[in-house]
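# Notes for the structure review
Chain by chain, the residues:
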Amino acid sequence: MAETKSLERLKAMRSLLKSEMQKSKTVSLVLEKTGSKLEQINTKFMSLEADVKAERWKSSPFSDHIRYTIAPISAALRVFATVQELERSLVSSNEVLGYVSDVKRLGEALKLLTSSCVLSLNWLEETIKFLTENGMPEDHPCGLRFKTSIKLLRDLKMTEASAYLRGGSLHTALENLETELEQILEEEEVLSESNTRDLQAIIKRLDAHSRLTNCVHIYIKNRTRIIQKRFENDYYQRTITEADNVHDIEGYIDQWRVDMETAVKDIYEFENNLCYEVFKDVGEEEHVPLHCFGAVASNSGIIPLLRFGSRISKCKKGPPKLLKLLECFSTMDNVRTEFNRLFRGEECSEIRRETRELISNLVKGVCEIFWELPCQVELQRPNCPPLDGGVPNLVSVVTEYCNKLLGDKNKPVLSKILEIDLGWKNEKYQEEIVTGHMYNILREIALNLDAWSSSNKETALSYIFMMNNHSHFSGLRETHLGLMMGESWLNAHEQYRDYYAALYVKESWGKLLSLLNNKAQALSSSSPVKRRKFIKRTLQAFAKGFDEMYRKQSNWVVEDEKVRWKICEAMVRTVVPRYKSYLQSYRMLIVEEDDHKSPVKDLNYTPKGLEMKLKTMFKSKEERGKVYKYSDFDGFRD
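Each chain carries its own residue numbering, running from 1 in the direction its sequence is written. It should be noted that, the model being predicted, local features are given only for residues of pLDDT at least 70 and side-chain atom pairs only at 80 or more, the latter also being counted only at that level, while totals for whole chains, interfaces and linings use all residues. To get the side-chain values, all heavy atoms of the structure are used, and hydrogens and water are removed first.

To continue, consider the side chain of K324. Secondary structure counts use DSSP, requiring at least four H or I residues in a row for a helix and at least two E residues in a row for a strand, with both numbered from the N terminus. Structurally, K324 is set in helix α13 (residues 319–334). Classification of residues uses two cut-offs on accessible area relative to the type maximum, computed with a 1.4 Å probe and protein chains only: under 20% is buried, over 50% is exposed, and between them is partly exposed. Overall, K324 belongs to the buried group, its relative accessible area being 9%. A distance of 3.1 Å separates the side chain of K324 from the side chain of E327, its partner in a polar contact. Any two residues whose heavy atoms approach within 4.5 Å are treated as being in contact. Among residues more than four places away in sequence, those in contact with K324 are V246, E250, I253 and D254. Counted as a polar contact is a pair of N or O atoms within 3.5 Å, where, for protein atoms, one must be capable of donating a hydrogen and the other of accepting one, and residues adjacent in sequence contribute only when both atoms are in side chains.

Structure (C-alpha cells):
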C-alpha cells in the first residue's frame, strides 16, 4: 500500500517536472556551453547515471524512479548554464535596451533556477526516502551519490540570492543601469525620443528589482544640480532695505522678472513634462512624478527667486516703486496658470507659501503708495514755484505718472490689485475707485498751483505761470488722463490758458504803453525845442522800460511753442501799432523843425526792430541769437 502511494506521488512530480522542463527549454536556447562549475556537477551526475545503468536494475521496480530523478536534475543544470551565458552576455553588451533585456532575462533565469533546484531537491529527497523504505542500504553507491547531488543542488539554489549581493552579477548589472540613468539625465537632449525610451526601460527594470527608490533619488539629485546651474545669480541673496532706492535695484528687478518667467514657463514646464514622461508607468498613478518634480523644484532655485521678489517691496517707498511693483505683479499674474498647475503636491508646499507671501507684499506695497498719492502731492505745497514761470516738475511728473497708471499696461494690473486688497477686507471693488482717486490727485495739484501763483510777487509772472500750467493740462487731450477727465475739463483749461495770456499782455505792456499817451501834451508845447525834447525823453523812457522788461522776462518760458507764438503775436498787435503811431507824430514834428534831420538818429527801436525783438520773447538764448543777426535799425520803412 505504501509502495502504491509513493508511486502516485512520483507520477505527480513527474507531471510537474515536464512542465518545468518545457520552461527550461525556452530559456536554454541561448546556451551551447557551460562553465567549470556546471561541468563539475554534470560530470558527477553522468557518473551517477552510468553507475545506475551498470547496476542493470531494469527488472527492478525502482529503476524507473531513478531515471525520473535524473531528469529534473538535468533541467536545473541546463538553467544554470543559461544563467552563466546571460552573465557573459552582459559583459559584452553595448546597447542600453539590449542590456536591459539581458538583465530582465537574467533575473527570470535565476528565478527559474531557484524553482528548478527546489523541485529537484524535493524529488531527490522523496526518491531517497522511497528507496530506503524499500531496502536500499545506506551505503549503497546510488544513495550516496544522490546525497551528494542534494548538497550541490542546495548550492545552486543560492545562486539567485548571491547574484543580488554586492559583487554579484545581478547587483552589478543593476548598478550599471543606475549609472547609465545618471548619464542620460545629465544630457541636454534628455527628452529626445531615444533617451526617453532608454530612461523608461531602465526605470521599469530597476523598479522590477525593488530599486525605484534609488531611481527617484538619482533623478532628483541630478536634475536638481542641473537646474541650480541655470539659477546661479548673485542678486538672489542681495539684501534690500528701506534705504535702497528703487532706481538702484531697477536692473535686478528687471532681471528677476525675466528669470521668473523663464523659470516657470521654460525650465519647470520642461522638468514637469520630463518627470511625467519618465515615470508614467511606475508607482501609484502620478505619485512618483509628482513627488520627483516637487523635490526638484523645491531644491533647485525657485524659492530664493520668490524670496527676492518679496524683498523688492521693502525698498524705499515712492511713486517709482509703485510702477515697479505693478510690473512684478504683472509678471506673477502672467505665470499664474502655469504656477498653479505645476507646483502641486506636498513637496511644493513651501513654494506655495513663499508665493502667497510675495503676492501679499506686492499688493500691500502697491495699495500703500497708491492711496497716499494725493497726500504726497499736498506735501509739495510749501515749495516755491519755478522762477521762470514754467510748469513745475511736480505737475509734469504727476500727470505723466497718472497717464502711466491709466495706461493699457498698468490699469488692469492696478485694478486687479485693488480688487484683491478690498476682497481681503471684505469690501467690493468698483471701477470708479481708480477714477475718483485720479480726481483727488488732480485736485491737490490745482490747490498747489493756486498757492504757488499767489506766492509770486510779480503779477505778470504769476499770469505766465498759470497760463503755462493750464496749457499743460489742455495738452493732455490725446492721453489716458485727458480721456478720463473728458472734453469739458480740457476745454476749460484752454479757456483759462487764453484768459491768463490776455492778462499777462495787459499787465506787462499796459503801463509801458501809457508813456505814449502824452502825445497831446507834446503837440501843445509852446516851444518846438521843448516839444522835441519832451518827445525824445518819452521815447527814451519807453526804450528804457522796454529794455528792463525784456531783460527781466528774458528768462521766463512759455513751454508750448504754439502758445508762445500766439502770445508774441498778441504783444506785437498791442505794442507795435501804438509805438508806430507815436513815431509817425514824432517824425512830423522833426520834419517841421529841420527838414534835414534824420528821424532814426534819436530812436532806440524802429517799429520793425521792436516787432522782431518782441517775437524773441520766451525763447532760449540760442534762438534769440538767430534773430539778432539782423540790426534793430535796418531802416525806417514803416
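This part is about the pattern of salt bridges. What makes a salt bridge here is a side-chain nitrogen of Lys or Arg within 4 Å of a carboxyl oxygen of Asp or Glu, nothing more. Tallying each qualifying case throughout the model produces 32 salt bridges. E178 is the partner of R211 in a salt bridge, and the nearest nitrogen-oxygen pair spans 2.8 Å. In this pair, R211 is assigned in the loop between α8 (193–208) and α9 (212–230) and E178 in helix α7 (residues 169–185), connecting sequence segments 33 residues apart. According to the relative accessible area criterion, R211 is buried, its value standing at 14%. The residue K324 makes a salt bridge to E327 at a minimum N-O spacing of 3.1 Å. With K324 and E327 both in helix α13 and three residues apart, the pair spans about one turn of that helix. On the basis of relative accessibility, which here comes to 15%, the residue E327 falls in the buried class. A network of salt bridges, in which partner residues are shared, links E250, D254, R257, K324, E327 and K409.

Any helix carries an expected span of 1.5 Å times its number of residues minus one. The end-to-end C-alpha distance of helix α17 (residues 411–424) is 20 Å, a good match for the 20 Å that 14 residues give at a rise of 1.5 Å each. Buried within α17 we find V413, L414, S415, I417, L418, D421 and L422. Contacts from the buried residues of α17 go to α13, α15 (349–378) and α18 (432–454). Of the residues one or two after α17, N426 is the one with positive phi, at around 60 degrees.

Across soluble globular proteins, you tend to see nonpolar side chains buried next to one another. Core analysis: the biggest nonpolar cluster contains 165 residues, and Y504 and W509 have the highest contact counts within it. By residue number, the principal contributor to this core is helix α4 (residues 96–133), which donates 13 residues. With residues up to four places along the chain from it excluded, the contact list for Y504 reads A460, Y463, I464, W509, Q553, W556, I567, M571, M617 and F618. Each nonpolar core is a collection of buried residues, namely Ala, Val, Leu, Ile, Met, Phe, Trp, Tyr and Cys, held together in the definition by side-chain atoms within 4.5 Å.

This brings us to the environment of S120. Inspection of the secondary structure puts S120 in helix α4. Accessibility expressed as a relative area gives 1% for S120, which makes it buried. Here the alpha-carbon distance between S120 and S74, two residues 46 residues apart in the chain, equals 9.1 Å. Here S120 is in contact with P72, I73, A76 and L153, once residues within four sequence places are set aside.

We now examine the packing of aromatic side chains. Aromatic rings from Phe, Tyr and Trp, with only the six-membered ring used for Trp, were paired whenever their centres fell within 6.5 Å, and each pair was classed as stacked if the ring planes differed by under 30 degrees, edge-to-face if by over 60, and tilted otherwise. With the rule as written, the count across this model stands at 21 aromatic pairs. Seen from their ring centres, Y235 and Y236 are 4.7 Å apart, and the 80 degrees between their planes marks the pair as edge-to-face. Two conditions define a charge sitting above a ring: the NZ of Lys or the CZ of Arg must be within 6 Å of the ring centre, and it must be within 35 degrees of the ring normal. The cationic tip of K613 hangs over the ring face of Y550; the distance from NZ or CZ to the ring centre is 4.7 Å.

This brings us to unusual backbone geometry. If you check the backbone angles, S210 has positive phi at about 60 degrees while not being a glycine. Relative to the assigned elements, S210 resides in the loop between α8 and α9. Non-glycine residue N426 carries a positive phi angle of around 60 degrees. Here N426 shows up in the loop between α17 and α18. On the basis of relative accessible area, N426 is assigned to the exposed category, the value being 75%.

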